[in-house]
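Single-letter residue listing:
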Amino acid sequence: METYEDTLDNGPETATKMFSAKDIPEIVRIFEEADVDGSGALDMEEFCEAMQKLYYAVTTEELTVLHMKIDTNCDGTVDIEELLDFLRIQYFPSLDSFAICGSSSKTMVLVASPRPCISKLSKAFFKSTLDGEFFTCVDYSPTVGFLVTGGTDGLLRVWFPHKTTSCQQVLEGHVQPVTHIVYNPKDRVFVSLSEDKNVRVWSENSWACVQSIEVKDMGRSLISSVYYNIDNNELFLTNSDIAKCIGRGTEVFKDMLTSHENPVCSAVYHSIYKQVVSVCRKGVVTVWDILTGKPVMEFRIMPDEYVGHTAMSFDGALRRLVTVSEDGKVRLWNSNNGLDLGVLPVSIHKKVTGIVCIDNRVFVSGRNSKIIYDLDIEGHKNRILKHDYLNGVSSMDVHGSTLVTASSNGNIIIWNTNNAEALYWLNTSHSLRIYQISEKDQDHRETLRVKKGKKREVQGTERGSEHKKSTALTQDKTHVNSNPLVICLKTREASVDTATLLTSRQGYIYAWTLTSEGGLLGKFKAVNDDDAVITTMSTDVNDQILLIGDTDRQAEHSGLEYHTLKLDIGLPHKQIPDSSDFLTSFILALNTGTPQGCMLSPLLFTLYTHYCSTRNGENSTVKL
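What counts as what
Residues numbered from 1 in each chain as written. Predicted model: local features only at pLDDT ≥ 70, side-chain atom pairs only at ≥ 80, totals over all residues. Heavy atoms only, no water. Core = buried A, V, L, I, M, F, W, Y, C linked by side-chain atoms within 4.5 Å. Buried < 20%, exposed > 50% of the residue type's maximum accessible area, 1.4 Å probe, protein only. Helix = DSSP H or I, 4+ residues; strand = E, 2+ residues; numbered from the N terminus. Contact = heavy atoms within 4.5 Å. Axes fitted to C-alpha atoms, helices over the stretch in contact; angles between N-to-C directions. Parallel < 35°, antiparallel > 145°, perpendicular 65-115°, else oblique. Left-handed = near helix turned anticlockwise from the far one by under 90°. Nonpolar A, V, L, I, M, F, W, Y, C, P; charged D, E, K, R; others polar. Polar contact = N/O pair within 3.5 Å; in protein donor to acceptor, adjacent residues only side chain to side chain. Patch = residues over 30% accessible without salt bridge, like charges linked within 9 Å, V, L, I, M, F, W, Y side chains within 5 Å. Areas by Shrake-Rupley, 256 points an atom, 1.4 Å probe, with all protein chains shown as cover. Salt bridge = Lys/Arg side-chain N within 4 Å of Asp/Glu carboxyl O. Lys, Arg positive; Asp, Glu negative; His and termini not counted. Charge placed at Lys NZ, Arg CZ, Asp CG, Glu CD. Pairing = 2+ DSSP bridges. Phe/Tyr/Trp six-rings, centres within 6.5 Å; stacked < 30°, edge-to-face > 60°. Lys NZ or Arg CZ within 6 Å of the ring centre and 35° of its normal.

Attention now goes to the nonpolar core. Grouped together as the largest cluster of nonpolar side chains are 18 residues, with contacts concentrated most on V322, V330, V362, V364 and L375. Mapped onto this core, the elements with two or more residues apiece are β21 (321-325), β22 (330-334), β24 (352-358), β25 (361-366) and β26 (372-376). Of all the elements, β24 adds the most residues to this core, at three residues. Those residues within four positions of V364 in sequence are excluded, and the remaining contacts are V324, I348, V352, G354, I355, I371, I372, Y373, L375 and M396.

This paragraph deals with the packing of helix α3 (residues 44-54) against helix α4 (residues 60-70). Where α3 contacts α4, the two axes come as close as 10 Å, and the packing angle between them is 120°. The angle between α3 and α4 falls in the class oblique. By crossing handedness, the relation of α3 to α4 is classed as right-handed. Counting all contacts with α3, which are made through M44, F47, C48, M51 and Q52, the residues of α4 involved are T60, L63, T64, L66, H67, M68 and I70. Considering only residue class, the contact of α3 with α4 consists of eight nonpolar, four polar and no charged.

Bringing the side chain of T417 into the picture now. Relative to the helices and strands, T417 is located in the loop between β30 (412-416) and β31 (421-426). Residue classification places T417 among the buried positions, given a relative accessible area of 7%. Engagement of the side chain of T417 in a polar contact is seen with the backbone oxygen of S401, the distance being 2.6 Å. Excluding residues that lie within four positions of it along the chain, T417 makes contacts with I358, F363, R383, S401, T402 and L403.

Attention now moves to α3. If you check which residues of α3 are buried, you get E46, F47, C48, A50 and M51. Where α3 starts, the residue carrying a side-chain oxygen 3.3 Å from the main-chain nitrogen of E45 turns out to be D43.

Below, the discussion takes up a negative patch on the surface. A surface patch of like charges, here negative, comprises D37, D43, E45 and E49. Within the element layout of this structure, E45 appears in helix α3.

We now examine the pairing of strand β19 (residues 295-300). Direction of pairing for strand β18 (residues 284-289) relative to β19: antiparallel, over a ladder of five bridges. Pairing of V284 across the sheet is with R300, part of β19. Linking β18 back to β19 in an antiparallel pair, the connection comprises five residues, with G293 at a positive phi of about 75°.

This part covers the sheet that holds β19. Read from one edge of the open sheet, four strands run β16-β17-β18-β19, paired in antiparallel fashion. The sheet is open, and its two edges are formed by β16 (264-270) and β19, each paired on a single side. Ignoring strand direction, the axes of neighbouring strands in this sheet form an average angle of 20°. Inspection of the sheet shows strand β17 (residues 275-280) paired to β18 by five bridges, in the antiparallel sense. Residue pairing for β18: Q275 is matched across the bridge by D289.

The phi dihedral of K197 is positive, around 65°, even though this residue is not glycine. In this structure, K197 sits in the loop between β10 (189-194) and β11 (198-203). With phi around 60°, W207 is a residue other than glycine that occupies positive phi space. For W207, the location among the structural elements is in the loop between β11 and β12 (209-214).

Our focus in this paragraph is the packing of aromatic side chains. Scanning all chains against the criterion turns up 12 aromatic pairs. Pairwise contacts between aromatic rings join F146, F160, Y183, F190 and W207 into one cluster. The ring of F134 is capped by R157, whose NZ or CZ atom sits 3.5 Å from the centre of that ring. The aromatic ring of Y508 is capped on one face by K523, whose charged end is 4.5 Å from the ring centroid.

Looking now at the pairing of β25. Burial analysis of β25 places six of its six residues in the buried class, which makes it a mostly covered element. Of the two faces of β25, the one holding R361, F363 and S365 and the one holding V362, V364 and G366 are both buried throughout. The sheet contact formed by β24 and β25 spans six bridges and is antiparallel. Across the sheet, residue I358 finds its bridge partner in β25, namely R361. In this antiparallel pair of consecutive strands, β24 and β25, the connection spans two residues, and D359 shows a positive phi of 55°. Note: β25 against β26, five bridges, orientation antiparallel. The residue bridging V364 from the neighbouring strand is Y373, located in β26. With antiparallel pairing between neighbouring strands as the criterion, β25 and β26 make up a hairpin whose turn holds five residues, including N368 at a positive phi of roughly 55°.

Bear in mind that shape data such as this cannot, by itself, settle questions of function.
Shown next, in the form of structure tokens:
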């Protein structure tokens, strides 16, 4: 006979190895004990320590990933409601109770929320008659005070919450097992779904079926999850292939999506979830599984009529997605569920050229602007960084607590993000050295003031508002800089003989050390054609492979060309000759034209199937 000890079978893989229905009271008790600061939630350390009291075989690494997934509002903590929602245990606020269906669908238990003064939890057990399986899913209507459950026999049953012996009514219509039930309090209807992809809408007033919909073009896979957008009356269904949508004013998606319907303008990688998050010019964000190349979820960050560029990055803890669109708003999101976490009280009036994060700080730069916004995600202290050497920031990256900014005039400034001081500058066409910035040039910092009002615009202080014209620290008038790029090798510690910064200029890659005694360690030509312009750079997670993209500015129609470079250990200063072409590297080029299908295919194909080496045996390769 099935009892309250039935194991939950509808949660994530890690969770099902841990949680069972009988554990719910113990989990609640452990949560209360572990919450030593009385905040009502557990941080990472508290969560891991508490869960390992119940599940000693689960590793800290597994619990860390679980904590990040459960933390839906990305505040760094998990409360009991987030945990139960993650396991898809139904919580009904009006009943102050949790509904848990047994793994065999023969029983259901309604558990009252624990109270400090009562040690024993109140529980109501519902049991199927004979060999029936009445409890595959459940939802509750606070309006009429009924529970509605679905069964494997295709029937819906209506129950009083505290009358467990028999149901009040049986609703016929489905011919296959019912898998999902959701309630719409706005229209006061229940929506049910069966295994044969039949959707039925039931009125709670008459308990009559008012609509039946057959979902098509979703393949043979069972529907794994359902989301009901009550405001738009849209029902989203997901199986192993793709999410579908049906409802008034909407259409069922015809084909499985493999890419965005509009041009992609930004993409970031989540190293823990092994996912890529991309956004198109319509403001639609798609989360991709990097192993399968398939989308796992999609959400919109801008209104339907929006068309424009969006820049984005993950915060330092990889919990929140930070986006900046052409409306100037800096928004925070949970990329796991598309939850809007808020808008920072700033307005970026330039097209964003760079957005990077260190811990809880976000740095944003704009086109043709010498301003770098230094923003606190928590909203405590926002600043503006300026410098006379900057003239439109074209690229940014971080290494530890160091911020590296590249200007369109060829100057590169290195900042200390703790005190917002400019530390060093360099220019590839001016010198092989890194120069320290003097004390007299350290006054270009401003504190942001937020105007009260609907627009919440940001104003700078009057201090340091006057600046002389930005200039390049070089007399080289021969070449026109093509917006230099920077990328930091974050896995490496900064030292005088270790390359931790790569910069690009006129088809060459330069390797630098980020120390006061440092300078240029090496350079090599990274493109095949003299007229090619490097437009993007990236490295693998171990900083051993460099991937660049370039275009031929002389060609009328040129596709993006990818190059992968396998490099060796950085060279010390004494090995650098005076010649401008002292290193060469064989380049493996993969011309993709306009990318089609999965956006990662060219990159993964190149990285996983080729080993790059020098063309001439007398030359060396450098691993950066």
